[in-house]
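# Examining the three-dimensional arrangement
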Amino acid sequence: MNVKKMIKKVLSRALLFSVVLCFVLMPMSTTYAYKGLKVALAQPSDNNANDGSGFVAKDETVYVILDHDGKVLEQRVVNRIYVKGEIKEIRDYGQYSSVRNMETSAEPRVQDEQIVWDAQLLKKGDIYYEGITDKELPIEVSIKYFLDGKEVEAQSLAGKSGNLRIEIGIKNKLKVTQPITYESYEKGRISKEYEHYVPFLVQVSYPVDLNIFSDVKADEAVKVVTGKTMNLSFATFPYPDAKVSFEMTGRNIELKPFTFTVIPQVPPLPDVDMEDELVKMLDGVRKIRDGLNQFGAATQPLASGGKQMAEGKQVLERGISALVAGSKKLDESSNELVAGFDASIQGFNELKDGVTKLVEGLNGVAAGMNRLAGSAGEVSSAVNSLAQAASQLQGAASGWAQNMAPALMQLVNINEEMLTIAQKLVQEQPKDSDLYKLGQMVIEQNRIIESMGGPEGIINSGAQLLGAINGLKEGVDKLKEGLDSQFIPGIQAVNDSITSLVSGAEATLDGMEEYQKGQTVYRQGLVEYVQGVRSINNGLNALSGNLTRVLTGMDSLLNALEKMDDGLSAMDLQGLSEMEEGIIQAIDDMRFAKALKQRMEELADGYRSFMDNERNKNSSVQFIMRTKEIVYEKGRGEVQNIQSAQPRMDVWKRLLHLLGL
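Below you will find a few notes about this structure. (Residues numbered from 1 in each chain as written. Predicted model: local features only at pLDDT ≥ 70, side-chain atom pairs only at ≥ 80, totals over all residues. Heavy atoms only, no water.)

## Description of the overall build of the protein
The test is simple: Runs of H or I in DSSP of at least four residues are treated as helices and runs of E of at least two as strands, each being numbered from the N terminus. The cut-offs for exposure are 20% and 50% of the maximum accessible area for each residue type, with area from a 1.4 Å probe on protein chains only; residues under the lower value are buried, those over the upper are exposed, and the others partly exposed. Per-residue and other accessible areas were derived by the Shrake-Rupley procedure at a 1.4 Å probe size, with only the shown protein chains allowed to occlude residues.
Summing up its helical and strand segments, the protein has 8 helices and 21 strands in all. Relative to its 661 residues, the protein shows a buried fraction of 42%. When the accessible area of the protein is evaluated, it comes to approximately 35,100 Å², of which 51% is carbon and sulfur surface.

## Quick look at the pairing of strand β13 (residues 200-209)
Our working rule: Strands qualify as paired when DSSP identifies two bridges or more between them.
Relative to strand β18 (residues 259-264), β13 is paired through 6 bridges, and the arrangement is antiparallel. Opposite V204, over in β18, you have F260 as the bridge partner. Looking at chain direction, β13 and strand β16 (residues 229-236) are connected through 8 bridges and run antiparallel. Its bridge partner lying in β16, S205 is registered against S233.

## Some thoughts on the nonpolar core
It is characteristic of soluble globular proteins that their nonpolar side chains tend to be buried jointly. Applicable threshold: Working definition of a nonpolar core: buried Ala, Val, Leu, Ile, Met, Phe, Trp, Tyr and Cys residues. They are joined through side-chain atoms within 4.5 Å. Two residues qualify as a contact provided that any one of their heavy atoms is within 4.5 Å of a heavy atom in the partner residue.
Counting residues in each nonpolar core, the largest one holds 61 residues, and the members touching the most others are I168 and F260. Setting aside residues no more than four positions away along its own chain, I168 makes contact with V141, S142, I143, V204, A242, K243, V244, F258 and F260. Core analysis: the next-biggest nonpolar cluster, separate from the first, contains 10 residues, L278, V285, L576 and I587 among them.

## Quick word on the sheet that holds strand β5 (residues 109-111)
What counts is decided by this rule: Simply put, an axis is a line fit to the C-alpha atoms, just over the touching stretch for a helix, and the angle between two N-to-C directions goes from 0 to 180 degrees.
Strand order in the open sheet formed by 3 strands is β3-β6-β5, and the pairing between neighbours is antiparallel. The open sheet has two free edges, formed respectively by β3 (89-93) and β5, since each of these has just one partner strand. Neighbour-to-neighbour, the strand axes of the sheet open up by a mean angle of 20 degrees, direction not taken into account. Both β3 and strand β6 (residues 114-118) contribute to a ladder of 5 bridges, which runs antiparallel. The residue bridging Y93 from the neighbouring strand is Q114, located in β6.

## Focus: the sheet that holds β13
In spatial order, the strands read β4-β7-β2-β1-β19-β18-β13-β16-β15; together these 9 strands make up an open sheet with mixed pairing. Sheet topology places β4 (98-101) and β15 (222-226) at the edges, where each strand pairs with a single neighbour. When the angles between neighbouring strand axes are averaged without regard to direction, this sheet yields 20 degrees. Sheet analysis places β4 next to strand β7 (residues 127-132), joined by 4 bridges and oriented antiparallel. Residue pairing for β7: N101 is matched across the bridge by Y129.

## Looking at unusual backbone geometry
Here the amide bond leading from Y239 into P240 is cis, since omega sits at 5 degrees, within 30 degrees of zero. Locating P240 in the fold gives a position in the loop between β16 and β17 (241-250). The phi angle at D215 is positive, at roughly 50 degrees, despite the residue not being glycine. Of note, D215 is situated in strand β14 (residues 213-217). Located in the positive-phi region is N252, a residue other than glycine, with phi close to 55 degrees.

## So, the pattern of salt bridges
Once the charged atoms of two side chains with opposite charge are near each other, the side chains can pair. This is how the line gets drawn: For this analysis, a salt bridge means a side-chain nitrogen from Lys or Arg found within 4 Å of a carboxyl oxygen belonging to Asp or Glu.
Within this structure, the stated rule accounts for 20 salt bridges. Note that K58 is salt-bridged to D92, the shortest N-O span being 2.9 Å. Taken together, the residues span a long stretch of sequence, with K58 in strand β1 (residues 55-66) and D92 in strand β3 at a distance of 34 residues. Across the pair, D92 and K58 agree in class, each one buried. Among the ionic pairs, E130 bridges to R76, the shortest N-O distance being 3.1 Å.

## Here we look at the packing of aromatic side chains
Filter applied, for reference: Between the rings of Phe, Tyr and Trp (Trp by its six-membered ring), a pair exists once the centres lie within 6.5 Å; its type follows the angle of the planes, with under 30 degrees stacked, over 60 edge-to-face, and the other angles tilted. Criterion for a charge above a ring: Lys NZ or Arg CZ within 6 Å of the ring centre, and within 35 degrees of the ring normal.
All chains considered together, the criterion is met by 11 aromatic pairs. Between the aromatic rings of Y96 and Y129, the centroid separation amounts to 6.2 Å while the plane-to-plane angle is 75 degrees, which identifies the pairing as edge-to-face. Of this pair, Y96 sits in the loop between β3 and β4 while Y129 sits in strand β7, and the two are 33 residues apart along the sequence. Summarising the burial analysis for this pair, Y96 and Y129 share the class buried. For the pair F610 and F623, a centre-to-centre distance of 5.3 Å together with 80 degrees between the ring planes defines the contact as edge-to-face. Residue F610 is located in the loop between α7 (505-606) and β19 (619-627), and its partner F623 is located in strand β19; the two are separated by 13 residues in the primary sequence. With relative accessibility at 1%, the residue F610 sits in the buried group. Through successive ring pairs, a cluster of aromatic residues spans Y206, F234, F246 and F258. The ring centre of F610 lies 5.2 Å from the NZ or CZ of K135, which sits over that ring.

## A closer look at the pairing of β18
Pairing of β18 with β19 involves 4 bridges; the strand directions are antiparallel. Looking at β19, one finds that T261 is bridged to I624.

## Quick notes on the environment of V208
Relative to the assigned elements, V208 resides in strand β13. A relative accessible area of 0% places V208 in the buried class. Beyond its immediate sequence surroundings of up to four residues, V208 is in contact with F213, V216, K228, T229, M230, L232 and M248.

## Some remarks on the side chain of S433
Quick reminder of the rule: In protein, a polar contact means a hydrogen-donor-capable atom and an acceptor-capable atom, both N or O and within 3.5 Å, with residues adjacent in sequence counting only if both atoms are side-chain atoms; elsewhere, any N or O pair within 3.5 Å suffices.
With respect to the secondary-structure elements, S433 resides in the loop between α4 (362-428) and α5 (434-451). Reaching out from S433, the side chain makes a polar contact with the backbone nitrogen of Y436 at a distance of 3.2 Å.

## Considerations on α5
How we decide: Every helix has an expected span of 1.5 Å times one less than the residues it contains.
Here α5 is 18 residues long and its end C-alpha atoms lie 26 Å apart, about the 26 Å a rise of 1.5 Å per residue gives. Within the span of α5, buried status applies to L435, Y436, L438, G439, V442, I443, Q445, N446 and I449. Capping the start of α5, S433 holds a side-chain oxygen 3.2 Å from the backbone nitrogen of Y436, two or three residues further along.

## Focus on the environment of M590
Within the secondary structure layout, M590 lies in helix α7. C-alpha of M590 to C-alpha of S184: the two residues are 406 residues apart in sequence and 9.8 Å apart in space.

Written as structure tokens, this is what we have:
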């Protein structure tokens, strides 16, 4: 698997919180900048500058009448002013086209966008007053109607039938461009330019008349059925945009008003802190890098030694091949020598049968025996040279066993260490990781070595070779012993018997018996020598085959070490470095998300007044927006927009009227 993909998979869970948060908060568009918005954090202060002994606060409710498409038709602000303690004068701030006391006939003094009330009015209770304004709202609503898939005007729906789909677009217009400051993991304090919005919760409500509509589809709504009315409630946070849609099947369609309740509020974001886990992950990645560097440094001597062994393998192969060929020729010559000795023994028997004629050819026999004595000396010298060569071969084999066996044992130990590491990688690493595949490769290589007999098989072959050489040495020694102690003295005895042959044939026959015994011993030694040569030849053939398998395994081991080194380098440069950078970036993103969330909370808490957010400090604000109702009168087929005149009412009736209740 690609290293980068692996890194992304490893980091996906760690970045979940910051990604979700940024997705929720990321602006979809930045087409409108609200002019004049100033962020003023809540402070323990009142709306008055002339007396600090009292505390004045107010509740500000903005009532808005919307057309069917969401266009603002009328907006009024109802202010409730209350006080704790003593106060002489009450100052409220905002630009109104008209102001009316909703409780009494007392009027305020209006100047320079200040509404000043006599504090004596509070003796009768809280002050309620209404102000008319055309100030631009922070939330913009647009409504579209589709009847059987075709967009239509709302007024044309009265009395129609079919599938009605309603799409409501909500846009947040309070964009704030201020730097978000947070503490970076490595770079210290950072201020990042970021466009964000004052967060608003917009609740959309619509009562569905089940006498008119059926088959209501509104997956994102909370549905509450009361009698023959299904109340649909949607909650959304436009940042900056949001959409609400639902559809239903209607007959003789009429539409109730849509109600939009808007309050400054932060979305319910999950409070998840993964920074400690990310820091631990970062420390782990750095430790892995250090461990891999140490592991890579440890494999360098092994790779270097393997290359040196590879360079000497050709020389070793040629030497063993020559040794095998020489051993084969020696085996073939030994067979001929044994056959010759057998023929010599047969001829000696014939000589024994003709001993009675020996006296007649005594002079010729004596000359022949002298020549035989000289030949025996040459044979003895040759056997002596062969014994020395066998001793040298025995020493070389012993030296090879002493030098090669520890090296092979060291290779066994290294192989066992690599097998242990590989098994640990397979157990601890994910199956699709490069380390897991590396461990599998080393384990498979070890199986190949074991199938060839393993390093112990090579050692055993070396032991067999040494045993064969020792057998060869022993056979040569016995051959030399037979020549020196039996054959040559036998010739001397023959010469002596020839000298005394004239005096007695019996002494000659006795000497010939001794000579025959020497020939028998010599032949036995020669047979043992031939068997030793054959053992050497078999051992060399086995050694050649085992050595070929060892060298083949060594090539595979060198290739594995080279791939391991390349893999470690790639993992360090492409994998772990990028992973380390990604984790650090994730920590910074999480810290930025926390700072952004805190800023949003400050903006929501700081937005207290629609009319004057800077000076109305001890205030709270909410918006209630309603569309007009569409009524179908049977027989007339006309749309009746319900919007009656506003008679003189007390405060409670006025509020109920504004709410359409």
